[in-house]
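Remarks on the overall topology
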Amino acid sequence: MKENKMFTYIKEVLENMPSGWLNITTHRLDLYDEKLAKTQFLDQFETLYTDNNTSAAALNKLPTAYDYIRLGHPLSCLLEWGIAQLNNLRAENVISFSSKTLPILAILRTNLLDSKHTQIVYTQELPACFDADVIKRVYGYTFELKKVENSDDISKFDGSTIFLSDQDKIGPIHTNPNIDFFISLYGNLGSVLVVNGAQNESYVSAIQHVRRRETIAMTPANSLTALNAVIAQSAIAYKSPVEANKTNVLQAIHKITGAATKPLVASSGLSIQYAILMGLIDNALENHKGKAIKIIVPPNCYGGTNDQARRVAACLDNVEIVDLLVDGDNDMVQSIDAVLSTIAHQDAVPYIIAEIPTNPRVEVPDLIKLREVLSKKRKTAIGGTAIDPVFILDQTFCPNVLFLGEDKILASVRTISYVSGSKFPSGGQCTAGYCVANKKTEALLEKIETHLMLCDNEATPLQYEILAKQLPSMNQRIHDAYKNTREFVNFIHTELPDAKINFVSEELANQGFTPSVFSLDLPTKGTTDKEKEAYKRALNLKLINLMITEIPDESKFCVSYGQLKGCYWTVPATSTQGTTKEGDKDYIVRASLSPNLDVQRHKDVFLKFVENI
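The paragraphs below set out a description of the structure included in this document. None of these values were measured; they are calculated from a predicted model. (Residues numbered from 1 in each chain as written. Predicted model: local features only at pLDDT ≥ 70, side-chain atom pairs only at ≥ 80, totals over all residues. Heavy atoms only, no water.)

Another point: unusual backbone geometry. What you tend to see is this: most non-glycine residues have negative phi, and most peptide bonds are trans. P357 follows I356 through a cis peptide bond whose omega is -5°. As for its position among the elements, P357 is in the loop between strand 10 (349-355) and helix 14 (367-375). Even without being a glycine, Q233 presents a positive backbone phi close to 50°. Locating Q233 in the fold gives a position in the loop between helix 9 (220-232) and helix 10 (243-257). Residue Q233 is classed as partly exposed on the basis of its relative accessible area, which comes to 26%. At D347, a position not held by glycine, the phi torsion is positive, near 55°. Mapped onto the elements, D347 comes out in the loop between helix 13 (332-345) and strand 10. (Helix = DSSP H or I, 4+ residues; strand = E, 2+ residues; numbered from the N terminus. Buried < 20%, exposed > 50% of the residue type's maximum accessible area, 1.4 Å probe, protein only.)

Dropping the structure here:
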């Protein structure tokens, strides 16, 4: 009776849900409390469930579940809640993944850091992507594998027991108190992890963090497919991928980047970054045995990049993070030169991650000097030839700039570039990301692809479909969005000359750097630094709230860039995602304009803001 009520309720919710639950990637920050991600949404959802309220208006008023769908979204939360209801569990103990491997790695990571044993038990076959040797050798995880006839055969183990099972139907789990974690594998939809027992609930936040940084939640479309199977209590209706979409995407990336090497497409920008890092670490272990690996990363770059790199280093004794200072009074080229000289002296393996333009201050280094510094021959402390760096370039803010082609600026330097496809490549319609390499690093792509597939983080069929549709128009959209942004920036400069605007110069724009994002350091008041900072932070929110209130159909308080329409506003500019150190956050407004918005209307509202400062 209880189950039938739930099935009926979910069915009506799916019929009345806001369209954004299914087709947008970034959700409103003005309805979001990050500390209560998922729980605040489900608490209020359960109130609607108790009241049997499925009205579109009520669903539309629910708080944001997560600000960005890579972390989770309303439909993943609803799926997890439904599975929890079927099994009399807390919804927090159910976590869906797009990947079939990463939920396993999430548990292994926690147990590695806690020096705890793990056994992985399965009944049929391990996922094809699961390579036990590579996981032990490169990731440093330890575990035992055990095949059984059924879950009843699993006995008590001194450590954690993970039970893997292939499923084509979502329903009650056949529990066994000797199993700590149930991972159900659902073909190309992904997987669902269930944390069993109060003694294992401490794992939940760590597992969520892996989903946040090294992979993505089950996508909205796949969560909807799973939910339809739940309410029908039928087998999941899997769809076959359309190979033509993947072919078209790879061809489009070749054309956009000018790179002759094979592109790799992942479920998100961080998914491809994780494959790059683990692939390069794998290469270093093989070709530079016994040498320390240094990941060089700006401490105030995009929060996910920073956090993921540090998480990788935390698990591996031979990997260390080196801070790279790139913003403000620091020059990227000089910082790289100094860091590489130190690492050469140590005879270590240098991998550099950097954004061009930088985020949030939209700065571009002198590219000729950058090439010279990266190409410079250095010596170790004993006079040997130092290992040359690999430059991992995040060009999410300028995916149209050609860095890697045969005659381009970084052609002679070992370089891999990657882009978050949730921005301009897809127009904000999916999270997929991609990477390409120049000829100097082509050999590394095989390792990167190995780890992309091992982590089961390749782009989904729908993501390929969206990219195939949107990539051909990307460069034109970038051009049009830049024109709107330049017009708005010039207007702000005229009307509020005391504000500091971080945006590319006309000279850089003429070189092809035409982003449509800028950051705005508003003028402040006060006698002490504390008073000035408090005033500025209040002013930031006053501006954003005015914009989203006066132009609700176009201005939105959320984190992203490269959207098809409207204007996105956020603060702090470097990260709203909770893991950037407070001292590295930059509390300035960031605005991202699209090719399709009413620039004059935004000018009018901004002028109203200026008049009321």
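All right, on to helix 8 (residues 204-213) then. Burial analysis of helix 8 places 7 of its 10 residues in the buried class, the great majority of the element. Residues V204, I207, Q208, V210, R211, R212 and R213 constitute the buried set of helix 8.

Taken across its 7 residues, strand 10 has 7 buried, putting it largely inside the fold. Because side chains alternate across strand 10, one face comprises the buried residues V349, Y351, I353 and E355, and the other comprises P350, I352 and A354, equally buried. Note that strand 8 (residues 293-297) and strand 10 share 4 bridges and pair parallel. Looking at the pairing, I293 lines up with V349 of strand 10. As paired strands, strand 10 and strand 11 (residues 390-394) are joined by 5 bridges and run parallel to one another. For A354, the partnering residue across the bridge sits in strand 11 and is L393. (Pairing = 2+ DSSP bridges.)

Here we come to the sheet that holds strand 18 (residues 589-593). In space, the 5 strands of this open sheet follow the order 14-15-18-17-16, with mixed pairing throughout. Two strands in the sheet have a free side with no partner beyond their single neighbour: strand 14 (500-502) and strand 16 (555-557). When strand polarity is set aside, the average angle formed by the axes of neighbouring strands in this sheet is 25°. Here 4 bridges tie strand 15 (residues 517-521) to strand 18, and the two strands are oriented antiparallel to one another. Bridge pairing in strand 18 links L520 to V589. This element, helix 17 (residues 474-495), spans strand 14, strand 15, strand 17 (567-570) and strand 18 of the sheet and lies at about 15° to strand 15. (Axes fitted to C-alpha atoms, helices over the stretch in contact; angles between N-to-C directions. Contact = heavy atoms within 4.5 Å.)

If you walk through the whole model with that rule in mind, you get 19 aromatic pairs. With 6.2 Å between their ring centres and 15° between their planes, F41 and F45 make a pair best called stacked. Separated by 4 residues within a single helix, F41 and F45 lie in helix 3 (residues 39-50), roughly one turn from each other. When its relative accessible area of 2% is taken as the criterion, F41 is described as buried. For the ring pair Y139 and Y141, a centre distance of 6.0 Å and an interplane angle of 35° mean the geometry is tilted. With respect to burial, Y139 and Y141 carry one shared label: buried. Three or more aromatic residues joined by ring pairs make a cluster, and in this case those are Y9, W21, F41, F45, Y49 and W81. Against the face of Y49 rests K5, its NZ or CZ located 4.7 Å from the ring centre. In this structure, K136 packs its charged tip against the face of F143, placed 4.8 Å from the ring centre. (Phe/Tyr/Trp six-rings, centres within 6.5 Å; stacked < 30°, edge-to-face > 60°. Lys NZ or Arg CZ within 6 Å of the ring centre and 35° of its normal.)

A few words on the pattern of salt bridges. Under the defined criterion, the tally for this structure stands at 33 salt bridges. The residue E15 makes a salt bridge to K11 at a minimum N-O spacing of 2.9 Å. Here E15 pairs with K11, and both are found in helix 1 (residues 2-16), just 4 residues apart, close to one helical turn. A relative accessible area of 44% places K11 in the partly exposed class. Overlapping salt bridges bring together D133, R137, D282, E286 and K447 as one network. (Salt bridge = Lys/Arg side-chain N within 4 Å of Asp/Glu carboxyl O.)

The subject of this paragraph is the packing of helix 1 against helix 3. Here helix 1 crosses helix 3 at 110°, and the two axes come no closer than 11 Å. In terms of their interaxial angle, helix 1 and helix 3 are classed as roughly perpendicular. Where helix 1 crosses over helix 3, the handedness of that crossing is right-handed. Each of K2, K5, M6, Y9 and V13 in helix 1 lies in contact with helix 3, whose residues at this interface are F45, L48 and Y49. When the residues that make up the contact of helix 1 with helix 3 are grouped by side-chain class, the tally is 6 nonpolar, no polar and 2 charged. (Parallel < 35°, antiparallel > 145°, perpendicular 65-115°, else oblique. Left-handed = near helix turned anticlockwise from the far one by under 90°. Nonpolar A, V, L, I, M, F, W, Y, C, P; charged D, E, K, R; others polar.)

Looking now at the nonpolar core. Counting 142 residues, the largest nonpolar core has F403 and F606 as its most contacted members. Those residues in contact with F403 that sit more than four places away from it in its chain are I356, L367, L393, Q395, C398, K408, I409, L410, A411 and F513. Core analysis: the second largest hydrophobic core is formed by 66 residues, V134, F143, I207 and L454 among them. (Core = buried A, V, L, I, M, F, W, Y, C linked by side-chain atoms within 4.5 Å.)

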